[in-house]
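Okay, here's what each chain looks like letter by letter:
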Amino acid sequence: MAASPSVVPVAVTAAVIPVLPPSSDFSNLREIKKQLLLIAGLTRERGLLHSSKWSAELAFSLPALPLAELQPPPPITEEDAQDMDAYTLAKAYFDVKEYDRAAHFLHGCNSKKAYFLYMYSRYLSGEKKKDDETVDSLGPLEKGQVKNEALRELRVELSKKHQARELDGFGLYLYGVVLRKLDLVKEAIDVFVEATHVLPLHWGAWLELCNLITDKEMLKFLSLPDTWMKEFFLAHIYTELQLIEEALQKYQNLIDVGFSKSSYIVSQIAVAYHNIRDIDKALSIFNELRKQDPYRIENMDTFSNLLYVRSMKSELSYLAHNLCEIDKYRVETCCVIGNYYSLRSQHEKAALYFQRALKLNPRYLGAWTLMGHEYMEMKNTSAAIQAYRHAIEVNKRDYRAWYGLGQTYEILKMPFYCLYYYRRAHQLRPNDSRMLVALGECYEKLNQLVEAKKCYWRAYAVGDVEKMALVKLAKLHEQLTESEQAAQCYIKYIQDIYSCGEIVEHLEESTAFRYLAQYYFKCKLWDEASTCAQKCCAFNDTREEGKALLRQILQLRNQGETPSTEMPAPFFLPASLSANNTPTRRVSPLNLSSVTP
């Protein structure tokens, strides 16, 4: 059967299927849609359902093709024809998860498609047996001890094919997965890079590569094909590496070139805003996504995290019930229900649902981390440590797991361990004030006060989420009898909490006013001291001290004690604490006359 020159044959070397433009050019969206439809079919034939779904969703977001431009099915080669009966039967068995049976009937087939399905069936059979064994005999925390027995045999066979250059793009992808499962990370990266060159349209290879890249430097040294698929990969990896500004810019560019209707891109943008804790923006995008795609389950666990943080019980309850109606045995559904019970402080039930999620998918990162949080709430530190360690095994870039380990060892009063884990979390989230404050507290416990000061000041400079860095820095200055610096920190703290316009009760507000009242009193600035003392009277814990100080000021004034005409020494932050991008500036005594608690 002769192939038309305008049609790309399926069973020839994968290096020529499907043909891609030489650059990352989005000018011809019709050609991109044809490629997406083609790869959706090829991946579906090989049982790679997630890649097929991704390609189909992306193709759906582009305008429909006219009948004249729709591509006919690729022609069948002689090898395909010979293996057709065995492949058809085996694919039917594969689809109902009878993997050993599928592999049995594919043994000895020569076509690329049949060979891939043969090897992939053997791989999934080993994975299924491993999961069945763990569910039957072990709890979810011991899952890492059970191995897929088929991996070593698969590696030997695929390695021979690879050396003989007989693997197509799909075969290379499977070889990379086997290597990754055997913890041969460097070899796996090389094979996945090769797979993206041979078959750039296969999203699964890009995604596996993404899971192995740990930092931006590692990304720079990869030799990736210059295709439009690379833009989707870069946007995804930037999100994973917490390079959110770069990720959002990539996704905006993809929307601008024509993918504005892609639910995948919209969900990734919502996840990116979740990662930088822009909760309102992320919630808004997720709500819009739910209107467009009401039966979507992917990323709904992230949506539930946002609802949890905002304590939106009714919305989280509705989401949990809605997902239960769609599919109660999806990993994301179990995590949403777990979050719902956690918000209601039913931590045992929450942990049960996270365990259920891990029975469904032992490599689901979010469930491990959330289960660690629940064990922390239940004061079960050893189980929490195990859960967080499993999360790190799945993804070393999960800052929440590193941070959780730090908190766990803090409870166990092991500050050197804390320091290590908080440092790792900080490396992953260098501009997250929570990591910096935690590091500062660690250094303080280890009596490394200079380092603690730097951490607290840096936390304030990057935008203190919990409004605690300045207070901790001020207390540190108090301990070191650096009264002017302490006063300056308290002044900035009070200015910040009132300037943000939040009607929130800050626990340390009374502490700040008490210190400033005493500081101005020592400086003989009666007016400022009196104003701060009056503010102290508004708080239960400082009311008596405030009244006593007001009486003292009144007594001194009646005795004719004149207030100081000299201003205290100018307030400058110590040079060692100043960030390069944050200029130090003089802070005048606080004008509290217009401030009301």
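Everything quoted here is computed from the prediction, not taken from an experiment.

Undergrad: Before we go on, may I ask you to explain the overall build of the chain in this structure?
TA: The helix and strand inventory of the chain stands at 29 helices and zero strands. Look at the contacts in the chain between residues 6 or more apart in sequence, and 60% of them connect residues 24 or more apart. Of the accessible surface of the chain, which amounts to about 29200 Å², a share of 51% is contributed by carbon and sulfur atoms.

Undergrad: Looking at this model, I keep getting lost on helix α25 (residues 469-479). Mind explaining?
TA: For an α-helix, 3.6 residues make a turn, and residues three or four places apart therefore share a direction. For α25, every residue scored as buried is listed here: A469, L470, V471, L473, A474, L476 and H477. Those residues of α25 that are buried lie in contact with α23 (433-445), α24 (449-461) and α26 (483-499). Positive phi shows up at T481, right after α25, with a value of about 55°.

Undergrad: Would you mind showing me how to read the UniProt feature "repeat: TPR" (unreviewed entry) in the chain here?
TA: Mapped onto this structure's residue numbering, the UniProt feature "repeat: TPR" (unreviewed entry) falls at residues 331-364 and 365-398. A helix fraction of 79% and a strand fraction of 0% characterise residues 331-364, whose end C-alpha atoms lie 8 Å from each other. As a span, residues 365-398 carries 79% helix and 0% strand, and end to end its C-alpha atoms are 8 Å apart.

Undergrad: Sorry if this is basic, but what is going on with the side chain of K113 here?
TA: Tracing the backbone through its elements, the reader meets K113 in helix α5 (residues 112-137). Those residues within four positions of K113 in sequence are excluded, and the remaining contacts are E45, R46, D80 and Y87.

Undergrad: When you look at the packing of aromatic side chains in this model, what are you seeing that I'm missing?
TA: Both the distance between ring centres and the angle between the ring planes are used here to describe each pair of aromatic rings. The full count for this structure, using the stated rule, is 29 aromatic pairs. A ring pair is formed by W228 and F232, whose centres lie 6.1 Å apart and whose planes are at 80°; its orientation type is edge-to-face. On the accessibility criterion, W228 (0% relative accessible area) is buried. When the centroid spacing of 6.3 Å and the interplanar angle of 80° are considered together, the rings of W402 and Y420 count as edge-to-face. On the criterion of sequence distance, the pair formed by W402 in helix α21 (residues 399-411) and Y420 in helix α22 (residues 415-428) is long-range, its members being 18 residues apart. Exposure remark for W402: the relative accessible area of 6% places this residue in the buried category.

Undergrad: Sorry, what's going on with the side chain of R180 here?
TA: Turning to its location among the elements, R180 is positioned in helix α7 (residues 169-181). Side chain to side chain, R180 and E208 meet in a polar contact 2.7 Å long. Residues in contact with R180, not counting those within four places in the same chain, are A188, E208, L212 and R363.

Undergrad: Sorry if this is basic, but what is going on with the environment of S55 here?
TA: The residue S55 is located in helix α2 (residues 49-60) in this model. In this structure S55 comes out as buried when scored by relative accessible area, which is 1%. Residues S55 and T43, spaced 12 residues apart in sequence, show a C-alpha to C-alpha distance of 9.1 Å. If we skip the residues at most four places from it in the chain, S55 touches L36, I39 and A40.

Undergrad: Even after reading the chapter, I still don't get the pattern of salt bridges, so can you show me in this structure?
TA: Oppositely charged side chains are able to pair whenever their charged atoms sit close together. For the structure shown, the criterion picks out 27 salt bridges. A salt bridge links R46 to E45; its shortest N-O distance comes to 3.7 Å. Between E45 and K113 there is a salt bridge, with the nearest N and O atoms lying 3.6 Å from each other. Taken together, the residues E45 in helix α1 (residues 29-45) and K113 in helix α5 connect sequence positions 68 residues apart. What emerges from the salt-bridge pattern is a single network uniting E45, R46 and K113.

Undergrad: Would you mind going over the nonpolar core with me for this structure?
TA: In summary, soluble globular proteins display a tendency toward joint burial of nonpolar side chains. Ranked by internal contacts, the top residues of the largest apolar core, which has 186 residues, are Y123, L209, W228, F232, F233 and I237. In terms of residue count, α5 provides more of this core than any other element does, nine residues in total. Apart from residues no more than four positions distant in its own chain, F233 is found in contact with W203, W206, L209, C210, I213, L219 and L224.

Undergrad: What should I look at first to understand the environment of R363 in this one?
TA: With respect to the secondary-structure elements, R363 resides in the loop between α18 (347-360) and α19 (365-377). Leave out the neighbours within four places in its chain, and R363 touches R180, K181 and V394.

Undergrad: Whenever I open this one, the packing of helix α8 (residues 185-198) against helix α9 (residues 203-212) confuses me. Can you help?
TA: Each pair of packed helices can be described by the angle between their axes along with the distance between the axes. Two elements in contact, α8 and α9, have axes separated by 9 Å at closest approach and are oriented at 150°. One way to sum up the angle between α8 and α9 is to call them roughly antiparallel. The two elements α8 and α9 meet at a crossing, and its hand is left-handed. For the pair α8 and α9, contact is made by V185, A188, I189, F192, V193, A195 and T196 and by A205, W206, E208, L209 and L212, respectively. A breakdown of the residues in the contact of α8 with α9 according to their chemical character gives 10 nonpolar, one polar and one charged.

Undergrad: Whenever I open this one, the confidence of the model for the chain confuses me. Can you help?
TA: For residues with low pLDDT, the predicted coordinates do not support detailed interpretation. Summary statistics for the chain give a mean pLDDT of 84 and a share of 86% for residues scoring 70 or more. In this model residues 1-16 is a low-confidence stretch, pLDDT under 50, and it forms 27 contacts with partners more than four residues away in sequence or in other chains. Of the regions scoring below 50 in pLDDT, residues 567-597 engages in 64 contacts with residues more than four places distant in sequence or in other chains.

Undergrad: Just to check I follow, could you spell out the state of the cysteines for this structure?
TA: A disulfide bridge is the covalent bond that connects two cysteines by way of their sulfur atoms. Using the criterion set out here, one finds zero disulfides in the structure. With no disulfide partner, C324 has as its closest neighbouring cysteine sulfur the one in C334, 8.0 Å distant. Looking at C324, the relative accessible area reads 30%, which means it is partly exposed.

Undergrad: Can you help me understand α8 in this one?
TA: Between its first and last C-alpha atoms α8 spans 20 Å; for 14 residues at 1.5 Å apiece the expected length is 20 Å, and the two agree. Burial in α8 covers these residues: A188, I189, V191, F192, V193, A195, T196 and V198.

Undergrad: I tried to follow unusual backbone geometry on my own but got confused; where do I start?
TA: Most peptide bonds take the trans configuration, and most residues that are not glycine carry a negative phi. In this model, N299 sits at a positive phi of 70°, which is unusual for a non-glycine residue. Within the secondary structure layout, N299 lies in the loop between α14 (279-292) and α15 (300-309). Taking relative accessible area as the criterion, N299 reaches 18% and is therefore assigned buried. With phi around 55°, K413 is a residue other than glycine that occupies positive phi space. As for its placement among the helices and strands, K413 is situated in the loop between α21 and α22. By relative accessible area, which is 69% here, K413 ends up exposed.

Undergrad: Would you take a moment to explain the packing of α18 against α19 for this structure?
TA: Two elements in contact, α18 and α19, have axes separated by 9 Å at closest approach and are oriented at 155°. In terms of orientation, α18 lies roughly antiparallel with respect to α19. Read as a crossing pair, α18 and α19 show a hand that is left-handed. Contacts from H347, A350, A351, F354, Q355, A357 and L358 of α18 reach α19 at A367, W368, L370, M371, E374, Y375 and E377.

Thresholds applied
- Residues numbered from 1 in each chain as written.
- Predicted model: local features only at pLDDT ≥ 70, side-chain atom pairs only at ≥ 80, totals over all residues.
- Heavy atoms only, no water.
- Helix = DSSP H or I, 4+ residues; strand = E, 2+ residues; numbered from the N terminus.
- Contact = heavy atoms within 4.5 Å.
- Areas by Shrake-Rupley, 256 points an atom, 1.4 Å probe, with all protein chains shown as cover.
- Buried < 20%, exposed > 50% of the residue type's maximum accessible area, 1.4 Å probe, protein only.
- UniProt positions renumbered as here; feature names shortened; annotations may be inferred.
- Phe/Tyr/Trp six-rings, centres within 6.5 Å; stacked < 30°, edge-to-face > 60°.
- Polar contact = N/O pair within 3.5 Å; in protein donor to acceptor, adjacent residues only side chain to side chain.
- Salt bridge = Lys/Arg side-chain N within 4 Å of Asp/Glu carboxyl O.
- Core = buried A, V, L, I, M, F, W, Y, C linked by side-chain atoms within 4.5 Å.
- Axes fitted to C-alpha atoms, helices over the stretch in contact; angles between N-to-C directions.
- Parallel < 35°, antiparallel > 145°, perpendicular 65-115°, else oblique.
- Left-handed = near helix turned anticlockwise from the far one by under 90°.
- Nonpolar A, V, L, I, M, F, W, Y, C, P; charged D, E, K, R; others polar.
- pLDDT = per-residue confidence, 0-100.
- Disulfide = S-S within 2.5 Å.
- Expected span 1.5 Å × (residues − 1).

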